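Each chain is listed here by its residues.
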Amino acid sequence: MWPLFIALLMLAAGFALLIKGADFLIDGSVAIAKNLGISELLIGLTIVALGTSAPELAVSVQAAVKGSGIALGNVLGSNIANIALILGVAAFLTPLGVSKTTMSYEIPFVILITVASGALILGNGNGLHRSDGIVLTTFFVIFMMYVFAMAKRDRKISDIVEVEGKRDIELFEKYPVLAWLATIGGTAGVIIGGNLVVNGGSSIARVFGVSDMVIGTTIVAFGTSLPELVTTVAAVKKNRSDLAIGNVVGSNIFNLLLVLGVSATISPISVHRSLVVEISFALGLAIVLPLLLLRTKRLDRPKGVLLMIIYCAFIVSTIISG
C-alpha cells in the first residue's frame, strides 16, 4: 500500500512541477526574447511550442537514460492524446476552424514524420538507435528552417503568446531579472518534475505488474499533454479556434522530431513488446484529422465526440495489449 501511495505522490508532484515549470519557462523565455527584439511570430512558433513540449522532452530523455519504455510510450501516447482527446474536447466545446496553410503544409508533414518514425521504430524491433535519433533531429532542424523562412515572409497566424500568461509576460518584460529567474526556475521545475514522473510511473507499473510502456502511453502521456490542453482550451475560450489545431499539430511535430530525436541520440531506446497498436493509432489519427477537416475545414461537436471515442478505444487497446 505504501509503495503505491508514494508512487502516486511522486507522480502528482512531478506533474505539478512539469506544468508550472513549463508555464514559467514559457513566460520568462517569451519576455526575454521580446526584450531582445525577437518577433512575436518566431516566439510563438519556437519558444512557446518548445515550452509546451518541455514536459515530454524532460520525461522522455530521463526515461531513455534509465532504459525505461516510458520514453516511447510518452511521445506516442501524447501525440494520440493531443489529436483524439484535446482536439476532441475542444471541438465539443466549440467548432474549430483550420487555416489553409496548416491543411496544406503542417498536417501533411505530421503524417510524413509519423510514418517515418513508425517505420524506424518497428524496423529496429520496437526501438530507436542513436543513428535514428540523429535522423529525427535532422528533420527537426529542417522543420525549424521552414519555420524561420515562413516567419520571414511574415505569414499571418494567430499568436500563441496572447493566449496564456499575457499579464505575467508584461511583468517580466518590465523587470528582466524576474524573466531570467522565471526561465531558470521553470527549467529546473521541468527537469525535476520529469524525473519524479518517470520514477513514479515506473513504480506504479511495478506495483500493478504492467509494463512501463502502458503507464507511459496512458497516465504519463496524459499528464505531459496537460500544457497543450490548457493552451488549447484557453484558445477556444478566446474564440481563437484556428490556434487550437495549430497548437496540437506543432506539438506533435516537436514530440516526434525533437523529443524522440534528442532522447534516442542521448541513449538508444528499446521496448520489450510490439508497438503496432500505438503506432497504428498515431498514424491513423494523423490521417483521420485532415479527412475530418477536408470538406468543411472545421471540427464540430459530433467530430469531437468521435475523436474522444477513438481515444477511449486506444486506452482500452493499450491495456489489453499490455
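No experiment lies behind these values; they were computed from the predicted model shown.

Undergrad: For this particular structure, what's the right way to read the overall build of the protein?
TA: Per the secondary structure count, the protein includes twelve helices and four strands. For the protein, buried positions account for 54% of its 322 residues. In the protein, of all internal contacts separated by at least 6 residues, the share reaching a separation of at least 24 is 86%.

Undergrad: Would you take a moment to explain the side chain of threonine 318 for this structure?
TA: Here threonine 318 is to be found in helix H12 (residues 301-321). For threonine 318, a relative accessible area of 0% puts it in the buried group. In this view, threonine 318 contacts Val214, Thr217, Thr218, Arg273 and Glu278; residues no more than four positions away in its chain are not counted.

Undergrad: What's the story with the packing of aromatic side chains in this structure? I'm lost.
TA: How two aromatic rings sit relative to each other is set out by the distance from centre to centre and by the angle between their planes. In the structure shown here, the tally under the stated rule is six aromatic pairs. Members of the aromatic cluster, connected to one another through ring pairs, are Phe109, Phe140, Phe143, Tyr146 and Phe254. For the cation-ring pair, arginine 301 lies above phenylalanine 92, with the distance from its terminal atom to the ring centre recorded as 4.7 Å.

Undergrad: I'm lost on a nonpolar patch on the surface in this one. Help?
TA: A grouping of Leu171, Tyr175, Val177, Leu178 and Leu181 is seen on the molecular surface, where their side chains present a nonpolar patch of about 470 Å² in accessible area. The biggest single contributor to the nonpolar patch is helix H7 (residues 176-208), with three residues. Examined against the element boundaries, leucine 181 turns out to sit in helix H7.

Undergrad: Where do I start with unusual backbone geometry in this structure?
TA: Most peptide bonds adopt trans geometry, and most residues besides glycine take a negative phi value. Here the phi dihedral of asparagine 126 falls at roughly 65°; this positive angle occurs in a residue that is not glycine. With respect to the helices and strands, the residue asparagine 126 is situated in the loop between helix H4 (100-123) and strand E2 (127-128). A relative accessible area of 14% means that asparagine 126 is categorised as buried. A positive phi is found at lysine 297, a non-glycine position, where the angle reads about 60°.

Undergrad: Hey, could you run me through the packing of helix H11 (residues 276-293) against H12 in this one?
TA: Describing two packed helices takes the angle between their axes plus the distance from one axis to the other. The geometry of H11 relative to H12 is characterised by a closest axis approach of 11 Å and an angle of 170° between their N-to-C directions. As the angle between them shows, H11 and H12 are arranged roughly antiparallel. For the pair H11 and H12, the contacting residues are Val277, Glu278, Phe281, Leu285 and Leu292 in the first and Lys303, Leu306, Leu307, Ile310, Ala313, Phe314, Ser317, Thr318 and Ser321 in the second. Tallied by class, the residues present in the contact of H11 with H12 amount to nine nonpolar, three polar and two charged.

Undergrad: Would you mind showing me how to read the environment of histidine 129 here?
TA: Examined against the element boundaries, histidine 129 turns out to sit in the loop between E2 and helix H5 (130-152). Residue classification places histidine 129 among the partly exposed positions, given a relative accessible area of 43%. Considered as a pair, histidine 129 and alanine 264 are 135 residues apart in the sequence and their alpha carbons are 6.2 Å apart. Contacts of histidine 129, omitting those with residues within four sequence positions, involve Asn124, Ala264 and Pro268.

Cut-offs and rules
Residues numbered from 1 in each chain as written. Predicted model: local features only at pLDDT ≥ 70, side-chain atom pairs only at ≥ 80, totals over all residues. Heavy atoms only, no water. Helix = DSSP H or I, 4+ residues; strand = E, 2+ residues; numbered from the N terminus. Buried < 20%, exposed > 50% of the residue type's maximum accessible area, 1.4 Å probe, protein only. Contact = heavy atoms within 4.5 Å. Phe/Tyr/Trp six-rings, centres within 6.5 Å; stacked < 30°, edge-to-face > 60°. Lys NZ or Arg CZ within 6 Å of the ring centre and 35° of its normal. Patch = residues over 30% accessible without salt bridge, like charges linked within 9 Å, V, L, I, M, F, W, Y side chains within 5 Å. Areas by Shrake-Rupley, 256 points an atom, 1.4 Å probe, with all protein chains shown as cover. Salt bridge = Lys/Arg side-chain N within 4 Å of Asp/Glu carboxyl O. Axes fitted to C-alpha atoms, helices over the stretch in contact; angles between N-to-C directions. Parallel < 35°, antiparallel > 145°, perpendicular 65-115°, else oblique. Nonpolar A, V, L, I, M, F, W, Y, C, P; charged D, E, K, R; others polar.

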